[in-house]
Amino acid sequence: MGSAESRPNPPPLSRTRSEQVQVPQALLEADLTSIPRSSTISRSSGLSSRRGSDKNKRRDVVKVSSSLVEGVRRKGVKYQTSKEIVQTVLEKLIEEYPEWNEELGEVCRALNQESDLLSNSVDSLKLEQLFEHLIALTEDEQQRGWSCADDTAEITSMLTDLTCLLKNANPNVVVAVLQRLKYEPLLTLVQYYQLESRPALKKQVLEVLYESMLIKPDPTCSILLTSRLPVQLATDIQGTKVLNQLEMQCNVFCAVLSYPNVMPRSHYDQLDDRFITHLLTELEATDTPHDPEGQLPNNFLKCVLSLNLHYKDLNHNKVCSVLKSRTHASASRRCC
């Protein structure tokens, strides 16, 4: 080995302009087109990878915000209330710990960016399961054609869960599920309502339909208006003498008919003079045993007015024709 003095000095870290490295002539004359494109480093690939990582980061932040809301929801709190609780906590943490502003601020903003998670949410999966159960139940009712007392508790539980979910879930999730299923569960509910004979279960079905209309009036009301529901409700209103059931029947009837779409022609024939006469008679009644506090006249009046909305021609207006045929027509003071 040579002495330390004979070792060459290391190259300088930087070169002057006159000391620039000379590129060999063979490299200058080389055919660069023969180099595979995948082996070159492009600026666009770097940008796309950064964009992909940013997108993944945003998705992760949305997942975190969604999981926080779902965590509060599991305590039985409504979706909107849960969302407000999480937002309040995050804002308070940012206020107390400003150095967390960037991270927590992203989570806070992500609370309103939930479109990518609708299909994977707990509410979405549970709602689809309940609708599938409902379809199976309706098909079973059609096959046997009679009610089994043993299944009352099961059906009651399912309809209760469905009503609670519609009240407490993220409305956007409910709409997304209904749209994905083309609103067929609504028609299944109407079909089940017609098949079911137990008053308590029929009332629960109406509660589910009513909550559905509150979440998405259009096109829910339009779909129900063209179904057999208004005609079936008219029949039930005339035969029911239980206050809470009558109130729910009237509320759903009014909600469906208050929508401005045109009814099927057959509905005009079946919502006939007899039904209108019944509404007016009950509206004017002063002594009704099943309504001691006089709550029903207002409901019957709303039914008459909502039905009247669907008659554009005065000469063919059945409501006006029935009123004209009566010797007198007066609203009870309880309507005021």
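Worth saying up front: this structure is predicted, and the values here are computed from it rather than measured.

Scoring rules and cut-offs
Residues numbered from 1 in each chain as written. Predicted model: local features only at pLDDT ≥ 70, side-chain atom pairs only at ≥ 80, totals over all residues. Heavy atoms only, no water. 1 Å grid on protein atoms, 1.4 Å probe; cavity = no way out; pocket = protein on both sides within 12 Å on 5 of 7 lines; lining within 4 Å. Points joined across faces, edges and corners; volume = space filled by probe spheres on them. Helix = DSSP H or I, 4+ residues; strand = E, 2+ residues; numbered from the N terminus. Nonpolar A, V, L, I, M, F, W, Y, C, P; charged D, E, K, R; others polar. Contact = heavy atoms within 4.5 Å. Buried < 20%, exposed > 50% of the residue type's maximum accessible area, 1.4 Å probe, protein only. Salt bridge = Lys/Arg side-chain N within 4 Å of Asp/Glu carboxyl O.

Novice: Go over the layout of surface pockets with me, naming the residues and quoting the values.
Specialist: Of the voids in this model, the largest pocket is the one considered here, and its volume is about 220 Å³. In terms of lining residues, the largest pocket is bounded by Glu 70, Arg 73, Arg 74, Gly 76, Val 122, Asp 123, Lys 126, Asp 161, Cys 164, Leu 165 and Asn 168. Among the elements of the structure, helix H2 (43-73), helix H5 (122-144) and helix H6 (152-168) are those that each provide at least two residues to the lining of the largest pocket. Of the residues forming the lining of the largest pocket, the biggest block, four residues, is contributed by H6. Looking at the lining of the largest pocket, its residues break down into three nonpolar, two polar and six charged.

Novice: Could you give me a rundown of the side chain of Ser 65, with the residues and numbers involved?
Specialist: Note on placement: Ser 65 falls in helix H2. Beyond its immediate stretch of four places on either side in the chain, Ser 65 contacts Val 107, Ala 110 and Leu 111.

Novice: Could you give an account of unusual backbone geometry, naming the residues involved and the relevant values?
Specialist: Trans peptide bonds make up most of the peptide bonds, and negative phi angles are found at most residues other than glycine. For the bond running from Asp 218 to Pro 219, omega is 15°, close enough to zero to count as cis. Following the sequence through the fold, Pro 219 ends up in helix H10 (residues 217-225). Non-glycine residue Lys 182 carries a positive phi angle of around 60°. The topology assignment puts Lys 182 in the loop between helix H7 (171-180) and helix H8 (184-195). The backbone phi angle of Tyr 183 is positive, close to 60°, even though this residue is not glycine. As for its position among the elements, Tyr 183 is in the loop between H7 and H8. Accessibility expressed as a relative area gives 9% for Tyr 183, which makes it buried.

Novice: Can you tell me about the environment of Asn 298, naming the residues and giving the values?
Specialist: The residue Asn 298 is located in helix H15 (residues 296-308) in this model. Linking Asn 298 and Leu 283, residues 15 residues apart in sequence, is a C-alpha distance of 7.5 Å.

Novice: Now, about the pattern of salt bridges: what can you tell me, with residues and values included?
Specialist: Counted by the stated rule, this structure contains nine salt bridges. In this structure, Glu 207 and Lys 203 form a salt bridge, with 2.7 Å as the shortest nitrogen-oxygen distance. Of this pair, Glu 207 and Lys 203 both sit in helix H9 (residues 199-215), four residues apart, which is roughly one turn of the helix. Connected through salt bridges with shared partners, the residues Lys 92, Glu 95 and Glu 96 form a single ionic network.

These figures come from the coordinates and say nothing about function on their own.
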